[in-house]
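If you want the building blocks of each chain, they are given just below.
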Amino acid sequence: MRATAQRLPSPPPVQPSTADRAVARRVVDLGQGRTLAYAEAGEGPAIVLIHGTLMALEDSWLALVPTLAQHYRVIAVDRPGHGMSARRRLVDASPWRQAEIIRDAMAAIGVDRPLLIGHSFGGTVALCHALRFPEQTTGILALAPLCFPEMRLEQVLFGPRFTPGLGEVLGPLLAGSADPALLPLLWRAIFLPQAMPSSVAERFPFALASGSERMIAEGEDAVSVWTALTRAAAAYGTCKVPVHILGGTADLVVNNALHGALAAQAIPRAHFDWVPGAGHMLHHFHQDTVLASVRDLIERDHVGQTGRTGAAPKLGTR
């Protein structure tokens, strides 16, 4: 039985934007055309924030940094190929490769054993990081992550841009025609049933989450996720780090019962919690829940490390 529809407050208009709205970044050059852009604030154990589809680091920065940076060193990254981070065409799209690039960049700036918070596709990248680099991961907080392969809208909308040659034609063509109308609709839709916060509408640099090259990267991400998630699903039972997965009961983008909740049953040290009434962008509305989870994950890692070594662990040092 459907609930009675409620009229939502009118969302603020998505304003055209340029990089002028961007958070100041630093860039790690990893060679071979790969860079990772990041911004950081706060001091203490390190937390790495990884954004999802059609976003840049400002998504997690606006939502979580004001809360988390009071207690931790918070490093928000542009995923490889997105925002101001560069990656190699057809080589670096897989969430496994993105996890490796993020790991290499964090090592380059002296971050050891961070706790990773990933949202949506960023949650997939975070889980791959835990599976690939367990000794270099304090814990994972995955927010509405993709955990298993399935047919998705992103594959239909952006997948054709993955194709070599065709993508280089479609990318510029659609960036100047369909995307200016399509992307604002998608940016609004991912927040439903909540409205996009005015802070996002007014301060997020939408220009850094659009454009020909970034949409080609979205196409590569959408195509790569099938194989990547098949590999991840087969490895969940081997995960050695604590994992907490949060999913909104009103999420219209990811079916959390078939992704996060099911993955938590397969991952030995994982647990899943529903966030009542929350949509896909729950980190913009439930910061206290995120903070409580971070504290719990660090404590769980501390207990696990102390039990194995008899000494307190080293968490995300500079």
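Just above sits the structure.
Heads up: these notes are all about the structure in this document. All figures in this text were calculated on a predicted structure; none of them were measured in a lab.

### Describing the pairing of strand β1 (residues 26-31)
Sheet analysis places β1 next to strand β2 (residues 34-41), joined by 5 bridges and oriented antiparallel. Looking at β2, one finds that G31 is bridged to R34. Between β1 and β2, which pair antiparallel one after the other, the connecting turn spans 2 residues, and Q32 there sits at a positive phi close to 55°.

### What about a nonpolar patch on the surface?
A cluster of nonpolar side chains, M151, L153, V156 and W226, forms an exposed patch at the surface whose accessible area comes to about 440 Å². Tracing the backbone shows L153 in helix α4 (residues 153-157).

### Notes on empty space enclosed by the protein
Overall, the coordinates contain 3 cavities of 30 Å³ or more when judged by the stated rule. For the largest cavity, the calculated volume is near 80 Å³. Sorting the residues of the lining of the largest cavity by element identifies α4 and α8 (212-235) as the ones contributing at least two each. Here the lining of the largest cavity takes 4 residues from α8, the largest share from any one element.

### Overview of the nonpolar core
Membership of the largest hydrophobic core comes to 47 residues, with the highest contact counts inside it found for V77, M106, I140, Y236 and V243. If you tally residues by element for this core, the top one is helix α3 (residues 121-132), at 7 residues. Residues contacting Y236, with those up to four places away along its chain left out, are L127, L131, C147, F148, L229, A263, A266, I267 and P268. In this structure, A39, L64, Y72 and L282 belong to the second largest nonpolar core, which totals 27 residues.

### A word on the pattern of salt bridges
All chains considered together, the criterion is met by 18 salt bridges. With a closest N to O distance of 3.1 Å, D221 and R79 form a salt bridge. Of this pair, D221 sits in helix α8 while R79 sits in the loop between β4 (73-77) and α2 (95-108); the two residues are 142 residues apart in sequence, bridging distant segments of the chain. The same class applies to D221 as to R79, namely buried. With its nearest N and O atoms 2.8 Å apart, the salt bridge here joins E168 to R89.

### Description of the environment of P180
Along the chain, the position of P180 falls in helix α6 (residues 179-189). C-alpha separation for the pair P180 and S210, spaced 30 residues apart in sequence, amounts to 8.8 Å. The residues touching P180, leaving out its near neighbours within four places in the chain, are L174 and A175.

### Regarding the layout of surface pockets
Considered as a void within the structure, the largest pocket measures approximately 340 Å³ in volume. Lining the largest pocket are 21 residues, with R152, L153, E154, I190 and V253 positioned closest to its centre. Listing elements by their share of the lining of the largest pocket, those giving two or more residues are α4 and α6. When residues of the lining of the largest pocket are assigned to their parent elements, the largest contribution, 3 residues, is made by α4. Residue composition of the lining of the largest pocket, grouped by class: 14 nonpolar, 5 polar and 2 charged.

### Describing α3
Over its 12 residues, α3 runs 17 Å from end to end, which matches the ideal 16 Å to within 8%, given 1.5 Å per residue. In terms of residue burial, α3 counts as a mostly covered element, since 11 of its 12 residues are buried. All of the buried residues along α3 are F121, G122, G123, T124, V125, A126, L127, C128, H129, A130 and L131. Where α3 is buried, its residues touch β3 (46-50), α2, β5 (115-119), β6 (139-143), α8 and β7 (243-248).

### Some words on the packing of aromatic side chains
Under the criterion given, the structure shown has 4 aromatic pairs. Their ring planes at 90° and their centres at 4.9 Å tell us that F272 and W274 sit as a pair that is edge-to-face. The class of F272 is buried, set by a relative accessible area of 16%. Owing to a relative accessible area of 44%, W274 belongs among the partly exposed residues under this scheme. Every member of this aromatic cluster is reached through a ring pair, and the members are W187, F204 and F206. Taking NZ or CZ as reference, R231 lies 3.7 Å from the ring centre of W96, over its face.

What counts, and where the lines are drawn
- Residues numbered from 1 in each chain as written.
- Predicted model: local features only at pLDDT ≥ 70, side-chain atom pairs only at ≥ 80, totals over all residues.
- Heavy atoms only, no water.
- Pairing = 2+ DSSP bridges.
- Helix = DSSP H or I, 4+ residues; strand = E, 2+ residues; numbered from the N terminus.
- Patch = residues over 30% accessible without salt bridge, like charges linked within 9 Å, V, L, I, M, F, W, Y side chains within 5 Å.
- Areas by Shrake-Rupley, 256 points an atom, 1.4 Å probe, with all protein chains shown as cover.
- Salt bridge = Lys/Arg side-chain N within 4 Å of Asp/Glu carboxyl O.
- 1 Å grid on protein atoms, 1.4 Å probe; cavity = no way out; pocket = protein on both sides within 12 Å on 5 of 7 lines; lining within 4 Å.
- Points joined across faces, edges and corners; volume = space filled by probe spheres on them.
- Core = buried A, V, L, I, M, F, W, Y, C linked by side-chain atoms within 4.5 Å.
- Buried < 20%, exposed > 50% of the residue type's maximum accessible area, 1.4 Å probe, protein only.
- Contact = heavy atoms within 4.5 Å.
- Nonpolar A, V, L, I, M, F, W, Y, C, P; charged D, E, K, R; others polar.
- Expected span 1.5 Å × (residues − 1).
- Phe/Tyr/Trp six-rings, centres within 6.5 Å; stacked < 30°, edge-to-face > 60°.
- Lys NZ or Arg CZ within 6 Å of the ring centre and 35° of its normal.

These figures come from the coordinates and say nothing about function on their own.
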